[in-house]
Amino acid sequence: MRPPVSVPALSRRAKVVIGAIAVLLVLFTAIGTLTNVYVDYLWFDETGYTEVFWTELQTRALLFAVAGVATGGLTALAIHLAYRFRPTFRPMSLEQQNLERYRQSIEPRRTLVTAAVAVVLGLFAGATAQGSWETWLQFRNSTPFGRTDPEFGLDISFFVFDYPFYRLLLSFGFAIVILALIGSLLTHYVFGGLRLQTPGQKLTTAAMIQLSVLLGLFVALKAVAYWLDRYALAFSDRGDLFTGASYTDVNALLPAKTILVFAAIVCAVAFFANVVVRNFQLPAAALVLLLISSLVIGVAWPAIVQQFVVRPSANEREADFIERAIASTRDAYGLLGVDYVNYAQQETGEEVDATAALAELRADTETIPNARLLDPNVLADTFTARQQIRNVYGFPEKLDIDRYTIGGDTQDYVVAVRELNSQGLSENQDTWINRHTVYTHGNGFVAAPANEVVAGQEGGEPDFTTRDLPTRGTIEVSEDGARIYYGELMQDYSVVGAPEGAESREFDLPEGSDGEGQINNTYDGRGGVEMGSFFRQLVFAIFYRERNFLLSSAVNEASKVLYVRDPMDRVEKAAPFLTVDGDPYPAVIDGRVVWMLDGYTTSESFPYSEQMELGEAATDAITGQGTTALPDETFNYIRNSVKATVDAYDGSVTLYEWDREDPVLQTYMKAFPGLVESRDSMPAELVSHVRYPEDLFKVQRDILTRYHVSDPGDFYSGNDRWAVPADPTVDTQEPQPPYYILAARPGEEGATFQLTSALNAFRRENLSAFVSASSAPETYGQIQVLTLPGNTPFRGPQQVQQSFNTNDEVARDLTLFNSQDSQAVFGNLLTLPIGDDGLLYVQPLYVEGTGENSFPLLRKVLVNYGDRVGYADTLAQALDQVFGAGAGEAATDSGDIPDTAEDAAGPADDPAAPTTPAPAPAPAPDGTTGTPDLQSAVDAINGALAALEAAQRAGDFAAQGQALEDLQAAVEAYQAAQAQAAEAPAAPAAVSPGG
């Protein structure tokens, strides 16, 4: 027998050094962790959401403790029992002689080793379990959906709230049993209860009993797993085209799982019986039977049914299950109330009926007058060039669209706030004092009507109706309300505030006509965490690793620290169960700038609903360019359940219950009482600025491409499938973004603010549908789908863009614009429904210099209707080219768009401009329009128009040509007479779509 191996003893000095290092590591880790938790608590205390902090912390701690104690404790108990019932005498063998060395080494430290194993396993288990705190809160506060699934007859809440928690418990049950089994096996082996190489009995009685019980528990848990697997069929992906239980799942796999439940129970009983029988032959036979059964009836039989029963006639076998999937998917994604409208457009290849088209345009008083010519995805540089004011300010990469009612007229605007941009600080400005205590906030709100640009010498720029510093214009903003301490560009912290009577140090406004001076300000809002004491200064010095919190005179007892300043981060922190839309937008509410955000509740456990990746489904061509990508998480249920606001001055976060029927939100409202306010408490002015969220709309339009079909046979064949078109304005295959427009929807009175998107036929570039979601408070969330005839090819966005690019005049100008000194930038290609059967494409074309400080200016407008392309300086002129003379004036003057000097000046002197008659002067008191020459020219224009209309009705092309020649001559005569009568040139003014 070999002598036992002794463990060398450590010297006292080594023990002291190791102990000191261990203490320091623990101390630094503890200080860092406690500092992070305390700073988090201070933020929640500042915002008034400490209930969220404590509820989440307590829930995490509870799960950590329960899982840690259960895993570590039960594993340690199994190891202890294995040691407790070890054999007193062990047969002599080479195996036992080798193990004796380990036994003698472990024996003096057995309690410490067992405790260490328990602690390590407990920590891992607790860390894993605490991450599932939302699963526990959902289970504990479950709210019924009031609807049952079609297969099991259970309320949907069982699948969404209960089933995930049962699976969590089962996974920990398996983990504990496996760890206990491994610990028992190792202990029995080391201490002689299990003898692999020793002749004779391989297991002692105690070892056989303990291992039989543990294996019996494992198989019993397997029986529970088989039972829960039955409900997992509601999420099956066996069907290639849909999610949920298929014919094979219901008719082959479901009975098999039920049989396997009883087979596993029998096998577990056999293992438990081995406590008395003490012969592994019976449980081994039962286990082999269970394995064979699982392979035969759980794998082979469903495969046979799928191959020989389902596939030969899958469209018939799966019909009922496809119906389930369609209904459940529509329900899960909020698409049950979609309004489908059969919509017919001018067919490609046919001549445009000018009379009918002109009538449609004249009747349209809402859509074309509001046609958006400013693209918020393009104009960030233009806003920066004209409204940045100082280098410390900046605008987001993507601007926003909102609407305001001014003077009784509702108009959509491109809006932005002038934020602090720390990246724009010059080298001498970029010190700790300047970055964190002087340049602390942005200032101002900027807005420009979306359908207007400035005419005259600086033509093509937005008409900033709200602008400058201090903010002035048509949208009134208070002095404090214009200060932006919280925004999308603010990723750094600021130290604000000062003792009473102290000199202000925060840069607030430029001063003087030259803008070289400055006015300072001291923050007096309720936002921010108060410093108050040396202890908090020390905490923030540790948290930010910045000694100036302790040394700088700018940090004092009156100071506050502003952090977590991005509106998305603040809402996600205040309501951690929400997924926040990637595009917050500013709105002026009662004179204050507030950020408006949309919060989603999601689930991946809605039965029979198609599962998607959230980040992938909500991605388009501009994601990441001013908008934030959503997380890549699996989901199959989504609701826009919360509208949130973040005050740009004091950072206060307010959550409003928007979807009152969402059980997921109601469940979390039970878990966090008082967190979400009632929808009735939303101010009316705030409600008037809510928008249908973009990310939700992108998910829904993706679902609609497949699930707009109701017939199972059509769904299976896929012959009416749609697709989201790629963005034609950029060199990418990413989906085209949806666009906000102010327009009238077919069948509705008046213009509404809505989010829209075109949809193509699957793997074709032809248009199949047009989707819009209303943002109007009265009709919010109503989705309308205009479906186009499938037997006629209508142009989709890519084809329309191609028709623009290949137009002779456009191609010539693109060659000119894309030079060494400039480049052409296509704006958003808008699809506008006109009347009851027309879709009009409108696209602005900008030109941007290639210099360092260049910015895009609107230069041209493109229009497409059927096969007709219009390309001119204004929308009115482009419409004239498509629909005939007078169409542009008829369309763009229908709404309440103000007249301008350019409107009165007639068409631009451009070779590409159409021969469009200018609007006649106002009649004189005697009923004439002014001079005899002008009156004669107007009479000639009217006569030519009447002749043209008559020729078009008769289809007389020769007469049409003659009428056009007469019209051209009359227009030239009118322009000559007008030039003689003009006393002075018109002043530059804002130009509407018609100007």
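Remember, it's a predicted structure, so these values are computed and weren't measured experimentally.

Draft legend 1. Looking closely at the overall build of the protein. Across its full length, the protein holds 29 helices and 36 strands. Evaluated residue by residue, the protein yields a buried proportion of 53% over its 995 residues.

Draft legend 2. A look at the pattern of salt bridges. Within this structure, the stated rule accounts for 35 salt bridges. With its nearest N and O atoms 3.4 Å apart, the salt bridge here joins Arg-526 to Asp-650. Note that Arg-526 is positioned in the loop between strand E15 (517–521) and strand E16 (529–530) and Asp-650 in the loop between strand E23 (637–647) and strand E24 (653–657), a separation of 124 residues in sequence. Given the relative accessible area of 61%, Arg-526 is considered exposed. Counted as one network, the salt bridges with shared partners bring together Lys-398, Asp-400, Asp-583, Arg-691 and Glu-694.

Draft legend 3. The arrangement of the packing of helix H1 (residues 12–47) against helix H15 (residues 534–544) in detail. At their nearest, the axes of H1 and H15 sit 10 Å apart, and the two run at 115 degrees to each other. If you check the angle between H1 and H15, you find them roughly perpendicular. Two packed elements cross with a definite hand, and for H1 against H15 that hand is left-handed. Two secondary-structure elements touch here, H1 through Ile-31, Thr-35, Asn-36, Tyr-38, Val-39 and Leu-42 and H15 through Phe-535, Arg-536, Val-539, Phe-540, Ile-542 and Phe-543. Each residue belonging to the contact of H1 with H15 can be placed in one class, and the counts come to nine nonpolar, two polar and one charged.

Draft legend 4. Inspection of the packing of aromatic side chains at higher detail. By the definition in use, this model includes 53 aromatic pairs. With a centroid separation of 6.1 Å and 35 degrees between ring planes, the pair formed by Tyr-393 and Phe-507 is classed as tilted. In this pair, Tyr-393 is assigned in strand E2 (residues 393–394) and Phe-507 in strand E14 (residues 506–511), connecting sequence segments 114 residues apart. For the pair shown, Tyr-393 and Phe-507 are each scored as buried. With a centroid separation of 5.0 Å and 85 degrees between ring planes, the pair formed by Trp-658 and Tyr-780 is classed as edge-to-face. Of the two residues, Trp-658 sits in the loop between E24 and helix H19 (663–671) while Tyr-780 sits in the loop between strand E28 (766–774) and strand E29 (783–787), which places them 122 residues apart along the sequence. Both residues of the pair, Trp-658 and Tyr-780, count as buried. An aromatic cluster is defined as three or more aromatic residues linked by ring pairs; in this entry it consists of Trp-136, Phe-139, Phe-152, Phe-158, Phe-159, Tyr-163, Phe-165, Tyr-166, Trp-227, Tyr-231 and Phe-235. Over the aromatic face of Tyr-226 sits the side chain of Lys-222, whose NZ or CZ is 5.0 Å from the ring centroid.

Draft legend 5. Representation of a negative patch on the surface within the structure. On the surface, Asp-320, Glu-323, Asp-711, Asp-714 and Asp-720 cluster together into a patch of negative charge. With respect to the helices, strands and loops of the structure, Asp-320 is situated in helix H11 (residues 319–332). Overall, Asp-320 belongs to the exposed group, its relative accessible area being 55%.

Draft legend 6. Local environment of the environment of Leu-57. Within the fold, Leu-57 resides in helix H2 (residues 50–84). Among the residues examined, Leu-57 registers a relative accessible area of 35% and is labelled partly exposed. When the C-alpha atoms of Leu-57 and Trp-133 are compared, they prove to be 9.2 Å apart, with 76 residues separating the residues in sequence.

Draft legend 7. Local environment of helix H17 (residues 567–574). Every buried residue of H17 is listed here: Pro-567, Met-568, Arg-570, Val-571 and Ala-574. The buried residues of H17 occupy one face: seen down the axis, they fall within an arc of 165 degrees. Against H1, H2, strand E18 (579–580), strand E20 (592–603), E23 and E24 lie the buried residues of H17. With a side-chain oxygen lying 2.8 Å from the backbone nitrogen of Met-568, the N-terminal cap of H17 falls on Asp-566.

Draft legend 8. Representation of the sheet that holds E16 within the structure. Taken in spatial order, the three strands line up as E13-E17-E16 in an open sheet, and their pairing is antiparallel. Each end of this open sheet is capped by a strand with a single partner; those strands are strand E13 (494–496) and E16. Sheet topology note: the E16/strand E17 (residues 560–562) ladder contains two bridges and is antiparallel. Bridge pairing in E17 places Val-529 opposite Val-561.

Draft legend 9. Molecular detail of helix H5 (residues 133–140). Buried within H5 are the following residues: Trp-133, Trp-136, Leu-137 and Gln-138. Close packing links the buried residues of H5 with H2, helix H4 (110–130), helix H6 (156–190) and H19.

Draft legend 10. Just the pairing of E23, in detail. Of all 11 residues in E23, 11 are buried, a share of seventy percent or more. With nine bridges joining them, E20 and E23 adopt antiparallel strand pairing. Across the sheet, Met-596 pairs through a bridge with Thr-645, a residue of E23. Taken together, the five bridges between E23 and E24 define a ladder with antiparallel strand orientation. Among the inter-strand pairings, Val-646 is bridged to a residue of E24, identified as Val-653. Where E23 folds back on E24, the antiparallel hairpin that results is connected by five residues, among which Gly-651 adopts a positive phi of roughly 75 degrees.

Draft legend 11. Here's a closer look at unusual backbone geometry. In this structure, Pro-470 follows Leu-469 across a cis peptide bond, with omega equal to -10 degrees. Here Pro-470 is to be found in the loop between strand E10 (466–467) and strand E11 (472–473). The backbone of Ile-389 sits at a positive phi, close to 75 degrees, despite the residue not being glycine. Exposure remark for Ile-389: the relative accessible area of 41% places this residue in the partly exposed category. Although it is not a glycine, Arg-545 sits at a positive phi angle of roughly 55 degrees. For Arg-545, a relative accessible area of 73% gives the class exposed.

Draft legend 12. Inspection of the confidence of the model for the protein at higher detail. When pLDDT is averaged along the protein, the result is 86, and 87% of the positions lie at 70 or above. Contacts for the low-pLDDT stretch residues 894–930, under 50 throughout, to residues beyond four places or in other chains number 79 contacts. Here residues 983–995 scores under 50 on pLDDT; set against residues more than four positions off or in separate chains, the count is 41 contacts.

Draft legend 13. The nonpolar core, seen in detail. Grouped together as the largest cluster of nonpolar side chains are 190 residues, with contacts concentrated most on Phe-383, Phe-445, Phe-549 and Leu-655. Broken down by element, the residue count for this core peaks at 11 residues, all from H6. Discounting chain neighbours no more than four positions away, the residues touching Phe-383 are Gln-388, Phe-395, Leu-399, Val-414, Ala-416, Val-446, Ala-448, Pro-462 and Phe-464. One finds Leu-786, Val-810, Leu-839 and Tyr-841 within the second-largest nonpolar core, a separate group that totals 21 residues.

Draft legend 14. Seen up close, the environment of Thr-465. Take Thr-465: it is sitting in the loop between strand E9 (461–462) and E10. In this structure, the C-alpha to C-alpha distance between Thr-465 and Tyr-413, residues 52 residues apart in sequence, is 9.6 Å.

Draft legend 15. Spotlight on the pairing of strand E4 (residues 409–417). Extensive coverage of E4 is indicated by the burial of seven of its nine residues. The pairing of strand E3 (residues 400–406) with E4 spans seven bridges and is antiparallel. In the sheet register, Ile-401 faces E4, and the bridge partner there is Val-414. Here E3 folds back onto E4 in antiparallel fashion, the turn holding two residues, of which Gly-407 has a positive phi close to 65 degrees. Pairing geometry for E4 and strand E7 (residues 445–449), over five bridges, is antiparallel. Following the sheet pairing, Val-415 is matched in E7 by Ala-447.

Calculation notes
- Residues numbered from 1 in each chain as written.
- Predicted model: local features only at pLDDT ≥ 70, side-chain atom pairs only at ≥ 80, totals over all residues.
- Heavy atoms only, no water.
- Helix = DSSP H or I, 4+ residues; strand = E, 2+ residues; numbered from the N terminus.
- Buried < 20%, exposed > 50% of the residue type's maximum accessible area, 1.4 Å probe, protein only.
- Salt bridge = Lys/Arg side-chain N within 4 Å of Asp/Glu carboxyl O.
- Axes fitted to C-alpha atoms, helices over the stretch in contact; angles between N-to-C directions.
- Parallel < 35°, antiparallel > 145°, perpendicular 65-115°, else oblique.
- Left-handed = near helix turned anticlockwise from the far one by under 90°.
- Contact = heavy atoms within 4.5 Å.
- Nonpolar A, V, L, I, M, F, W, Y, C, P; charged D, E, K, R; others polar.
- Phe/Tyr/Trp six-rings, centres within 6.5 Å; stacked < 30°, edge-to-face > 60°.
- Lys NZ or Arg CZ within 6 Å of the ring centre and 35° of its normal.
- Patch = residues over 30% accessible without salt bridge, like charges linked within 9 Å, V, L, I, M, F, W, Y side chains within 5 Å.
- Areas by Shrake-Rupley, 256 points an atom, 1.4 Å probe, with all protein chains shown as cover.
- Lys, Arg positive; Asp, Glu negative; His and termini not counted.
- Charge placed at Lys NZ, Arg CZ, Asp CG, Glu CD.
- Arc of directions from axis to C-beta.
- Polar contact = N/O pair within 3.5 Å; in protein donor to acceptor, adjacent residues only side chain to side chain.
- Pairing = 2+ DSSP bridges.
- pLDDT = per-residue confidence, 0-100.
- Core = buried A, V, L, I, M, F, W, Y, C linked by side-chain atoms within 4.5 Å.

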